[in-house]
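In case you want the letters, here they are:
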Amino acid sequence: MSLWKKSLWCAVTLLGLGAVYVLALSRGEQISALWIIVAGLCATSISYRFYSNWLATKVLVLNEGRATPAVLQNDSKDYVPTNRWMVFGHHFAAIAGPGPLVGPVLAAQFGFLPGTLWILIGATLGGGVHDMIVLFASIRRGGKTLGQMVKEEIGRGVGALALISVLAIMIILLAVLALVVVQALAQSPWGVFTIAMTIPVALIMGIGLRTGKVNVMAVTIFGLLGLAFGVWGGQFLAHFPEIEAWFKHDQKWLAWAIMIYGLAASILPVWMLLTPRDYLSTFLKLGTVALLAVAVVLIHPPLQMPSITKFIDGSGLVFAGPVFPFVCITIACGAVSGFHSLIASGTTPKMLRRESRIRSIGYGAMVTEMMVALMAMIAACVLQPGEYFAINTKGTPTEVVERVSASGFPVTEQQMTRLASDLGESTMFNRAGGAPTFAVGMAHMFARISTGPTALALWYHFAIMFEALFILTTIDAGTRVGRFLLQDFLGSLWRPLGNTRSWSANLFSSVLLVAAWGWFLYVGVIDPLGGINSLWPLFGLANQLLSVVALCLGTTILIKMHKAKYLFVTVLPLCFMCAVTFSAGYLKVFSPDPKLGFLSGARSLLNEAAGIVDPAKAANLARQAGVWQFDALVAIFFIVLVLLILLGSARQWWQLLRGTKRVVLYESEFVPISAAQLAEF
């Protein structure tokens, strides 16, 4: 490296450290959100340029001459060599679901500093390693799923339990994500129109590329024009009531529509719908986030939220729990996320043409998602803290205003009424969940660089549609990955069902999986206060437990590759995630605080039900208590399961490092890629 390049990278490093220094030392005074952008860009560039390159060349030793599963097993359905930009678009769209948008918004109750530091450190040193090594392992093993690799590398019994737990997590996760989309799009013709338009556009893109007569650039231009029409044209539906009625539907209709879409995305060849649609969605995702970054640069809004709030002790208004470990549980995607390991061992490894692209897609997509999470943190923290907490606190308007103001963040009912009116909504009270808050912050920044009295309302509804699109791309890829996992499990019962080349086996498994998460979705739609919503606190915990499993697998593979001197790259994030997940799991189950602990919360509800005369209200509280008890059992099950996997892995590591166990690396046979294929790809 030349002297001027060294000087440039030193300057970037000093700039990034300076930005973090300013963020960390702010106490009371307002600072610009631009410092978060600077810290994120510096961390992204340095970690990708140096750390990911070192991982690729020294630790994993990526081999450009080795044929990938997409090339060797090309079946035109699941294993399809695909253009690297389309693979990146698919992978990023699949991993960037609600997590990088909702998680940082909720964690903003601790202040902007804890969440920002976790995102910067977790993504570069943990999440990027986690995603990259799982993608590498799957490609070296013929595109196998996480459950298959755990079974082969760590143990059959542990692998079978891991497969069952992953399937259970995915079914509930997909159902709740679909429910969020349904609630966001219900009675929203603009949002439904935009998302509906991406489907035929994606089909045309996929068929055009498949013919070989149209290049990626032409297809991309066509797709962008179609996407722009969908985003821009939706606002004019109100002028055509008959057409608007085609796209204005209730939650039940949308639930069935999403189930049908998930089934199609799972069954159809990956090149026809899934890949081009996710690739297309990525342009809207990254384009919107980039515009948000430009807005921050142009208006450099001050961060209204303090760097650290009083709620780090666990007394938060948005959710209960101390800053550690719950900032790491709340912000999963954007830092470290176990769900990424399912995508990295599901659809993506079956499409990569060359091993060298593991770095740009595995690590590159992770640090890109890190920037999305930082944008979400900014969107939450540029709002007035009183408005932020009032939006995310449950209760009647009077109760919410009193609680928030008493906590030191003054807000009035008139202020919230004016905010709702400006946004074109009837009320902004009881809009917890993170998504509305992100949309409000995003709308405020975009409205400041645009004109018109209705700019805030238009940008707010655009942001809601944007979030729904973000989540929907996780549902389609997640359903396909879930089908792979289900076929792994069913194949152990009856081998023909595990054959991914069989259309009948694929159809049967897809219908079974969609029926499973579709049932939970429909129950949630007809009873929004039912058990499905109460499972939401488990998602962060279960997601991070999956990351522990993936890092255990990565550590095992490094030992078997005789890379023991590099074990710190997986062991350090593994130890940290174990501390996070097990402490959070203990608190969620056994904390005496009824707002935090499942068991104490259930006891509190039962005691309250015993003192109520109305039998209907008492029965409702008793049902809620039963759901909390069920949540506790599920959390305990997942924690025990991951502990068994961790202990089984540690036992094997000890035997391998001592040399008392023969090293068996279940790696696919090396097949060199031909010169003609290398030139083509």
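Residues numbered from 1 in each chain as written. Predicted model: local features only at pLDDT ≥ 70, side-chain atom pairs only at ≥ 80, totals over all residues. Heavy atoms only, no water.

### Digging into the confidence of the model for the chain
Part 1 of the argument: Model confidence for the chain is summarised by a mean pLDDT of 85, while 95% of its residues fall at 70 or above.
Part 2 of the argument: Segment residues 528-533 is flagged for pLDDT under 50; beyond a separation of four residues in sequence, or across chains, it makes nine contacts in the model. (pLDDT = per-residue confidence, 0-100. Contact = heavy atoms within 4.5 Å.)

### What to know about the packing of helix α1 (residues 3-25) against helix α6 (residues 112-140)
Part 1 of the argument: Contact pair α1 / α6: the axes reach a minimum separation of 9 Å and the direction vectors enclose 150°. The angle between α1 and α6 falls in the class roughly antiparallel. The way α1 lies across α6 gives a crossing that is left-handed. Two secondary-structure elements touch here, α1 through Val20, Leu23 and Ala24 and α6 through Phe112, Leu113, Thr116, Leu117 and Leu120.
Part 2 of the argument: Split by residue class, the contact of α1 with α6 holds seven nonpolar, one polar and no charged. (Axes fitted to C-alpha atoms, helices over the stretch in contact; angles between N-to-C directions. Helix = DSSP H or I, 4+ residues; strand = E, 2+ residues; numbered from the N terminus. Parallel < 35°, antiparallel > 145°, perpendicular 65-115°, else oblique. Left-handed = near helix turned anticlockwise from the far one by under 90°. Nonpolar A, V, L, I, M, F, W, Y, C, P; charged D, E, K, R; others polar.)

### Regarding the environment of Ala435
Part 1 of the argument: One can find Ala435 in helix α20 (residues 435-448).
Part 2 of the argument: Separated by 100 residues in sequence, Ala435 and Ala335 have C-alpha atoms that sit 18 Å apart.
Part 3 of the argument: The contact partners of Ala435, leaving out residues within four places of it in the chain, are Val102 and Glu467.

### A few points about unusual backbone geometry
Part 1 of the argument: That bond from Phe324 to Pro325 is cis: its omega, 15°, falls within 30 degrees of zero.
Part 2 of the argument: Along the chain, Pro325 turns up in helix α14 (residues 323-330).
Part 3 of the argument: Phi at His562 takes a positive value of approximately 60°, unusual for a residue other than glycine.
Part 4 of the argument: Take His562: it is sitting in the loop between α24 (536-560) and α25 (568-590).

### Here we look at a nonpolar patch on the surface
Part 1 of the argument: A surface patch of nonpolar side chains, amounting to about 630 Å² of accessible area, comprises Leu161, Ile164, Tyr586, Phe590, Ile636, Val640 and Leu644.
Part 2 of the argument: Of all the secondary-structure elements, those providing two or more residues to the nonpolar patch are α8 (156-185), α25 and α27 (615-658).
Part 3 of the argument: With three residues, α27 is the single largest residue contributor to the nonpolar patch. (Patch = residues over 30% accessible without salt bridge, like charges linked within 9 Å, V, L, I, M, F, W, Y side chains within 5 Å. Areas by Shrake-Rupley, 256 points an atom, 1.4 Å probe, with all protein chains shown as cover. Salt bridge = Lys/Arg side-chain N within 4 Å of Asp/Glu carboxyl O.)

### So, the environment of Gly111
Part 1 of the argument: Within the secondary structure, Gly111 is located in the loop between α5 (99-107) and α6.
Part 2 of the argument: Judged by relative accessible area, Gly111 falls into the buried class, the value being 0%.
Part 3 of the argument: Placed 93 residues apart in sequence, Gly111 and Gly18 show a C-alpha to C-alpha distance of 19 Å.
Part 4 of the argument: Residues in contact with Gly111, not counting those within four places in the same chain, are Met305, Pro306, Ser307, Ile308 and Thr309. (Buried < 20%, exposed > 50% of the residue type's maximum accessible area, 1.4 Å probe, protein only.)

### As for helix α18 (residues 397-406)
Part 1 of the argument: For α18, every residue scored as buried is listed here: Val400, Val401 and Val404. Down the axis of α18, the buried set is contained in an arc of 95°. They therefore lie on one face. Exposed and oriented more than 90 degrees from the buried face of α18 are Glu402 and Ala406.
Part 2 of the argument: Summarising the contacts, the buried residues of α18 are in contact with α17 (385-392) and α19 (413-423).
Part 3 of the argument: The positive-phi residue at the C-terminal boundary of α18 is Gly408, with phi of around 100°. (Arc of directions from axis to C-beta.)

### A word on the side chain of Thr393
Part 1 of the argument: Tracing the chain through its elements places Thr393 in the loop between α17 and α18.
Part 2 of the argument: A distance of 2.5 Å separates the side chain of Thr393 from the backbone oxygen of Phe389, its partner in a polar contact. (Polar contact = N/O pair within 3.5 Å; in protein donor to acceptor, adjacent residues only side chain to side chain.)

### With respect to the pattern of salt bridges
Part 1 of the argument: Counting across every chain of the model gives ten salt bridges.
Part 2 of the argument: Between Glu64 and Arg354 there is a salt bridge, and its shortest N-O distance comes to 2.3 Å. A residue pair is termed long-range when its members are at least 10 positions apart, and Glu64 in the loop between α2 (34-59) and α3 (69-72) and Arg354 in the loop between α15 (339-344) and α16 (357-381) qualify at 290 residues.
Part 3 of the argument: Look at Arg354 and you get buried, because its relative accessible area is 18%.
Part 4 of the argument: In this structure, Glu355 engages Arg66 in a salt bridge whose closest nitrogen and oxygen atoms are separated by 3.8 Å. Taken as a pair, Glu355 in the loop between α15 and α16 and Arg66 in the loop between α2 and α3 lie far apart in primary sequence, 289 residues in all.

### Observations concerning α2
Part 1 of the argument: Across its 26 residues, α2 extends 35 Å between first and last C-alpha, which sits within 8% of the 38 Å expected from 1.5 Å per residue.
Part 2 of the argument: Maximum bend of α2: about 35°, positioned at Ser47.
Part 3 of the argument: Val61 occupies a position one or two residues after α2 and carries a positive phi of about 50°. (Expected span 1.5 Å × (residues − 1). Bend = angle between axes of the 7 residues up to and from the residue.)

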